Structure formats: C-alpha cells, structure tokens
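Understanding the architecture of this molecule
Each chain, letter by letter, is given below.
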Amino acid sequence: MSETTSKSPLSPELLAKMDAYWRAANYLSVGQIYLKDNPLLERPLTLDDVKPRLLGHWGTTPGLNFLYVHWNRLIRERDLNMIYIIGPGHGGPGLVANTYLEGSYTEIYPHIEQNRDGIKRLFRQFSWPYGIPSHVAPETPGSIHEGGELGYSLVHAYGAAFDNPGLIVACVIGDGEAETGPLATSWHSNKFLNPATDGAVLPILHLNGYKIANPTVLARIPHAELENLMRGYGYEPFTLEGDDPATMHQQAAAVFDTIFDRIAQIQKAARDGSSTERPAWPMLIMRTPKGWTGPKFVDGKPVENTWRAHQVPFSELREKPDHLRLLQEWMHSYRPEELFDEKGAFRPELAELAPKGRRRMGMNDHANGGLLLKPLKVPNFREFAVKIEGRGQSDAESTRILGHMLHAVMEANKEQKNFRVFGPDETASNRLGDVIIGTGKTWMAETLPVDENLSPTGRVMEVLSEHLCQGWLEGYLLTGRHGFFSCYEAFIHIVDSMVNQHAKWLKVTREIPWRKPIASLNYLLSSLVWRQDHNGFSHQDPGFIDHLANKKADVVRIYLPPDANTLLSVADHCLRSKNYINLIVAGKQPAPQWLTMDEAIAHCTTGIGAWNWASNDEGDPEVVMACSGDVPTLETLAAVTLLRDRIPDLRIRVVNVVDLMALEPQSEHPHGLPDEEFDRLFPVGVPIVFAFHGYPWLIHRLTYRRHNHDNLHVRGYKEEGTTTTPFDMCVLNNIDRFQLALDAITRVPRLASQADAARQWYSEAIQRHRLYVTEHGEDLPEIQNWHWEQS
Ligand SMILES: Cc1ncc(C[n+]2csc(CCOP(=O)(O)OP(=O)(O)O)c2C)c(N)n1
Ligand SMILES: [Mg+2]
C-alpha cells in the first residue's frame, strides 16, 4: 500500500455522500440488468417486474462506478477537463447509470426523465430489443470507446490525449483485457506522449482477479512482480486494494490526490521548461473484488470476488423462488429510499456531487469529437501534379508525389495541431518521407547522435505496431482531429478487427443526431502485392480490400488510383471527408503516368470511365479491357498494344476503375454507377477482360447484378507468389499482358479462328519470359522498357 493511505482527505459527510452516490450507481446498474418495472422497489418484487431475458455484465461494473464517483470529486475540486475510457466496455450499465445520475443522460435523451418513470424506462431499455446495447456504445454519452472487443482502451486513451494539453484521460483496463496483444503494447505509448504539448493519460489496471471463466494472469503473479512490470513500462505504479467501502473511499481519495498532484507536477515541469525528461507517469493498480457489493453466495457457491460474478450473477428467477428474494435483498442493500425522493428523483444533496455543465464526463466535448472538429487545411493539390509530356512516357513514384502533398498539409496545420501521420516504421519506405521534413517524428525515449528527425514535438508517429498506429489514430479522430495511416498492404490485416470496430462505431453514430461527424480514417496501402522484390510471398496479400468491402456501404470507400495525379485527387477528397473509412491502394515504385491533372480530377469524380486515348472502339467495342490498380492498368495497356500489333482492327475499349464501389449497383452503394451508365461503358453482350489489383472474386461480387455480368472475366491475385521479378508476379497470377491479350482474343466471337494460334503465341511468349528471368534474374528488356505507343 502506498504512503498515501494514512491520509484521510474525505470529511465524514463527504465520504457518506460519495458512498451513497456509488450505491445509487450500483443500484441503477443492477436494475438495468434485472428489472422492467417497480424501479424503486416500492412494493415487493414479483416475477412480473423482472425482465424475461437477463442480459448484461455485473462483475466489472461496481469498480467502474466507484471510479466515476471519485473522478467527479476530482473534476470538481481541481476543475479538471476529463474523459473516462472503459476498457471492459461490458460495464455499460455503470456508465449509463452515472451519466443518468449526473444529468447528462436526461439532457440528451429527455424521455429518460429524472423520476420514477424515467428510471423505469432507463431499466427497461437496457439490452431490450431496439433499446440500448449492453456495452458502453456510441449511444452512451461521454464515450469514445465501445470496449466490446477488448484490448484497445489504453491506445484510444493516448490517441485522445495527443495534442490535447488540457485533457486528462482516465482509462480503466480490465485485467483480462491486459492479456491482449494490443493492450500489452499500448503501455509503450508513454514513450510518445509529450507532457508539454499533450494531455495526460491515467491508466487504472482493474485487478478484479477474473475474466469470464478464469483468473487473470496479472492477478496471480506476486504483487511486486506486477509493480515491476509497470515500472519496466516506465510508469510509477500506485496500488489501491480492499473491499470495505468506507476504507476504500478514503484510501482512493488519498491515492488519487497524490496521483493528480503528480500529474500536475509533471505537466508543470515540462511546460515551464524545468524538465525535458520523459516522466514516469503514475498509474494505479486497483485490486477490488469482481462483482463487489453483489451477492456473496448463490446456490451455495461463492459469487462475489469470483469469475461467477462476470455476467448476471444469478438467473432462473422463475424456477428458483429463492433467487427473487436474493435479488430483492441485493437491491435493497443499496437503500434506494435514501437515494431517490418520493418522485424517484436523485436526491439533490447527492446530485450536487457531480460536476456541472460540460465538465460532466457525459457532456465533455472531447467525447463527441465532431463538436470540436476544425476543417483540415488542405493546400491546392494541383500544385503537386506530375506533368504529363506524353502518356506513359515517363515514370514517377506515386506515393513520393503524395508525400509532397502531405508535407504541405502538415505545414498548413502546424499551428492548429490537428493532423498527424501514423505508420509502422514504413513512412520512408512507402516513400512518404517528405512528410517528416520540418515536423519530425514523435519520440520521447532516448536518442543517439545517429538518429534522424526524432523529436518530442514530431507529428509523424512511427512505432512497429499496427495496433498502436490504428488505435492512436482512432482516438485522435474520435476526439475531433484528422489523420492519415500508411502501411504495407499485406500487414494492414493485423488491424482487421480494430477497423471492424471503428466501422461499427461510425455506422451507429450516423444514426445518433447528437454525435457530430468526425474526420474519416484514411489508409494508404503501399508496398503492394505486385511489387515485393525484397520480400516475396509473406508480403503479398491484397485482401484488406475484401475485408473493407464487407462493411456498410455508408461507411467505406475504396480507391485504386492508377497514377500520381489520380492519387493526389483521391487523397484530397479523402482528407476533406467525414465519417468514412477511406482506403487508398497505390504503389511506390517508379511507374508510368497516364492522366493530366484535369483528366485525373474528372476521372476520380466519376470513379470509373473509358480512357478514349487508349481505346479504338468508335462507340461500339468488341471487347472491353477493364482495369483497377496501377499494375493491372499497366498490364492492360500493354495488352492493348500487343492486340493492336496482332489484330489492328479489333475494336477495344479501355475502362479504368479508380473508385471500386462504382462497380456496385446504386442500390448497394452511394457511389454505384447507375445501370444505364454501366451498360453504356460495358455494353451487354460484349466480353469484359478485367484486370484487378486484388483477389478476383471481389469484382464478381460487386457486379453480379449488372446486366453484362455473364461476360465478365476477371484476373487478379490468386495467391501465387515468391521472391521474383515484377513481371513474373503477373505471369504467376495470370494477370500479365500476354494473358490479358489472349483472354481478349479467345472471348471475342469474331476471332474464334485465331484462338489456337493465339494460344501458341502466348505459350511461346511465356516460355521466353521464363527462360529469361531464370537465366538473367530480371525481366526481359522488352518488358522493362515497354512504353505506351501514342497514336
Ligand atoms: C478480444 C476479445 N476477446 C474475448 C472477448 C470475450 N470477453 C468478454 S469479457 C471477457 C473477460 C474480460 O475480463 P476483464 O478484462 O478482466 O474484465 P472484467 O473482469 O472487468 O469484466 C472476455 C474474454 C472479448 N470481448 N474481446
Ligand atoms: Mg477482470
């Protein structure tokens, strides 16, 4: 126990009130789980008062409620600007109860009045069909964190604290949650938090000892080992342990006074310049029983302080009459008559313990980030355009061009400090290095002379954890700022699950009027499947596109710009957008440039279109050569030149798709091309040879309702890869120019007589290619030096 325990900061009167407040929150939590009527127990409970389905989680809730009461005191006494992140989001009833007691809930949802009827509705809606979810959710005032999928609380807390020097983020971490990979690495966020320019994060490890059915690892190691672990992560651990409420309130108040003094000292020293060291931020280990104040025994088995307290401590109320009595006793133990007046309103002498107005945690603007969102200043992207002197005649590295633009965005928003770029050690590798110039990379740990561009005030955040990049960015966006995440294409899958949760959050918030739109989550995937010269098979996976395509159409946008100018136009659009997840897939290798800036803007505006300069169909194509992605576009155009040589009168239309969702019918996605326009681009009966950057099935999925779907033949990545030449990757997956040309010939009925000869030509070409790469270790000169032939 820390030295603070001997102090008694709470007067007996305040202690009694705080305890009553806590009892009220616990009472309302239990009521939400169990009751649909008789909310104040004004008559003996009957089965009719009890919900037919008992859902929710009790075990974590009393601990969360305990902390809420203490935060309220600290916010009032110290005028803190504070939000509360709940890792075990299954403690939803607790946060709902507390935001109700402080009045936020009723202000946002006026039908949940501060009286008996209001409490009855509050109880009834919880886990009720079309009511509110059992977890802390977008519907819950004061929350930026769902917490259904465990592991992201601490990383969200840090994301919220960056560039918010006035904010304190209290973050409860479940001891089970602490076993997850993302949470385990999140402790390291303290090496990226600058006490002078960022806010504070206070981690509370909620050591209630159990998960759903097991003890937790951290609860079953010696306490000294746990403290050393925290010290090893760079924190100063404090401990609060016990189960007697009165003692615990006093001890908690003492330890929190010490902790908040420490936070204030750290910030003062950093801000007045007396310290530039990375501080050991305080953290709290809170060792309290799971299901604290709940039933101690049910059916002869211990419940409080065991894993049995995790969800609903007992059910079968219809089958076991004793359980109804148990529920009544449990709820009466909080003495509701002392907490609520005869109308059912929370007694004013207790209600006054809550902070006022926007200082209430349920009303803090930072937890409804859209309220604080300032538009990002995006300089004119046309200034970074690649000049097109002849189509496909000179190469550029598209992402490097984007880096110029991102650097300008960074500069433009330097003052308002609301833009950061995140990446797992790959910003330079993805050729976005320019963005680092001037602002540097965030780093609070030690530095050596050999280091470059590391700075405590850096705005590019690099850490080898996709989880941290994703979670920091989410926390940053959810509190009303802007950001950009660049990642290797194959490894973005590491955060598949996190992006699921963010997509769910966005979907739900769209239907909640008081939640204001936040900036979009922007991904740039580079180091793409087709160009993994160093790395080979392990680095080849374009499946994140498929993953996102499963999400609600309202939420996701997927772009495959074929060159630098289209990339700039797409990035400009994404950076300005709100409430989306934008995925941009673009290569970093030198590649031909096709469109002028004006053409790029026009192309990106429709998202799909015929490239007339590459077509000779005269309005009546015999084959449509479609492509999406930079390498497939290159191969398609090369296939067109092969076909021109072989069959000069073949009427070919080239269609490029930059906005993948344009392929879907309008009924499925707002970007969907209207059917008539789709039919004009892909006339019914005309074969389509489609070269796609990712797995081919997705194109079929997106277009299966389109009229010409039967004539659609897609080539894409089919999980063939190794460390080989760029063109051989295409050959291995049958997306190479020879294959695409052959596909066209074999699909056009008029050319049936030429099919056999074409197959022979194809085999010879591939044979020549194979022999050459095997012998020389690089692609044939005619492949390497290929250029589009301008007509
Ligand atoms: C990533 C993830 N895996 C599994 C679960 C299922 N689950 C829900 S609660 C829980 C136990 C959580 O224990 P802890 O973090 O200690 O929370 P508390 O004891 O405070 O309820 C588990 C495994 C989950 N929600 N998320
Ligand atoms: Mg636990």
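Note that the structure is predicted; figures quoted are calculated from it, not measured.

Thresholds applied
- Residues numbered from 1 in each chain as written.
- Chains lettered and ligands numbered in written order.
- Predicted model: local features only at pLDDT ≥ 70, side-chain atom pairs only at ≥ 80, totals over all residues.
- Heavy atoms only, no water.
- Pairing = 2+ DSSP bridges.
- Helix = DSSP H or I, 4+ residues; strand = E, 2+ residues; numbered from the N terminus.
- Axes fitted to C-alpha atoms, helices over the stretch in contact; angles between N-to-C directions.
- Contact = heavy atoms within 4.5 Å.
- pLDDT = per-residue confidence, 0-100.
- Salt bridge = Lys/Arg side-chain N within 4 Å of Asp/Glu carboxyl O.
- Expected span 1.5 Å × (residues − 1).
- Buried < 20%, exposed > 50% of the residue type's maximum accessible area, 1.4 Å probe, protein only.
- Near = heavy atom within 4 Å.
- Polar contact = N/O pair within 3.5 Å; in protein donor to acceptor, adjacent residues only side chain to side chain.
- Areas by Shrake-Rupley, 256 points an atom, 1.4 Å probe, with all protein chains shown as cover.
- Nonpolar A, V, L, I, M, F, W, Y, C, P; charged D, E, K, R; others polar.
- Phe/Tyr/Trp six-rings, centres within 6.5 Å; stacked < 30°, edge-to-face > 60°.
- Donors = N, O, S within 2.8 Å, 3.2 Å for Na, K, Ca; no water.
- Disulfide = S-S within 2.5 Å.

1. Concerning the sheet that holds strand E20 (residues 652-657)
Strand order across the open sheet formed by 5 strands is E18-E20-E19-E21-E22, with mixed pairing between neighbours. Each edge of the sheet is formed by a strand with only one pairing partner; in this case those strands are strand E18 (608-610) and strand E22 (712-715). Each strand axis lies, on average, 20° off the axis of its neighbour in the sheet, ignoring direction. Pairing geometry for strand E21 (residues 688-692) and E22, over 4 bridges, is parallel. The residue of E22 that forms the bridge with Ile-688 is Leu-712. Helix H19 (residues 630-646) contacts strand E19 (623-628), E20 and E21 of the sheet and is inclined by roughly 155° relative to E19.

2. Here we look at the confidence of the model for the protein
Of the residues in the protein, 99% have a pLDDT of 70 or more, and the chain-wide mean is 96. This stretch, residues 1-5, has a pLDDT under 50; its non-local contacts, to residues over four places away or in other chains, come to 11 contacts.

3. Quick notes on the pattern of salt bridges
Per the stated rule, a full pass over the model turns up 46 salt bridges. A salt bridge links Arg-705 to Glu-668; the shortest N-O distance between them is 2.9 Å. Separated by 37 residues along the polypeptide, Arg-705 in the loop between helix H21 (697-703) and E22 and Glu-668 in the loop between E20 and helix H20 (675-681) bring together distant segments of the chain. The network of salt bridges with common partners includes Arg-73, Glu-77, Arg-78, Asp-257 and Asp-261.

4. Concerning helix H14 (residues 466-478)
Compared with the 18 Å implied by 1.5 Å per residue over 13 residues, the 18 Å span of H14 between its first and last C-alpha is a close match. Regarding H14, the residues found buried are Glu-466, Leu-468, Cys-469, Gln-470, Gly-471, Trp-472, Leu-473, Glu-474, Gly-475, Tyr-476, Leu-477 and Leu-478. Note on H14: the residue one or two positions beyond its end, Gly-480, has a positive phi of about 95°.

5. Digging into the site of ligand 1
Around ligand 1 sit 16 residues in total, of which Thr-60, His-90, Gly-148, Asp-175 and Lys-290 are the nearest. The side chain of Asp-175 places a nitrogen or oxygen atom 2.6 Å from an oxygen atom of ligand 1. For ligand 1, whose unbound accessible area comes to 590 Å², protein coverage reaches 74%. Across the shell around ligand 1, the residue classes tally to 4 nonpolar, 7 polar and 5 charged.

6. Brief notes about the packing of aromatic side chains
In total, this model carries 35 aromatic pairs according to the counting rule given. Aromatic side chains Tyr-105 and Tyr-109 sit 4.8 Å apart centroid to centroid with 45° between the ring planes, which places their arrangement in the tilted category. Here Tyr-105 and Tyr-109 have matching classes, each one buried. Residues Phe-422 and Tyr-476 carry aromatic rings whose centres are separated by 6.1 Å and whose planes lie at 65° to one another, so their mutual orientation is edge-to-face. Note that Phe-422 is positioned in strand E9 (residues 419-423) and Tyr-476 in helix H14, a separation of 54 residues in sequence. By the ring-pair criterion, three or more aromatic residues cluster together here, those being Tyr-21, Tyr-27, Phe-123, Phe-340 and Phe-346.

7. Considering the coordination of the magnesium ion (ligand 2)
For the magnesium ion (ligand 2), the full set of protein donor atoms is Asp-175 (OD), Asn-208 (OD1) and Tyr-210 (O), at a range of 2.0 to 2.2 Å. In the primary structure, the donors to the magnesium ion (ligand 2) are separated according to the pattern D-x32-N-x1-Y. Placement of Asp-175 in the loop between strand E2 (167-174) and helix H7 (181-186) and of Tyr-210 in the loop between strand E3 (200-206) and helix H8 (223-232) is noted, with a sequence separation of 35 residues between them. For the pair formed by Asp-175 and Tyr-210, the shared burial category is buried.

8. Here we look at the environment of Ser-8
Assignment of secondary structure puts Ser-8 in the segment before helix H1 (12-34). Spatially, the C-alpha atoms of Ser-8 and Pro-279 are 27 Å apart, while their sequence positions differ by 271 residues.

9. Points about the state of the cysteines
Taken as a whole and assessed by the stated rule, the structure comprises 0 disulfides. Cys-469 provides the cysteine sulfur closest to Cys-171, a residue in no disulfide bond, and the two sulfurs are 18 Å apart. Distance from the sulfur of Cys-730, which forms no disulfide, to the nearest cysteine sulfur (Cys-627) is 13 Å. A relative accessible area of 2% places Cys-730 in the buried class.

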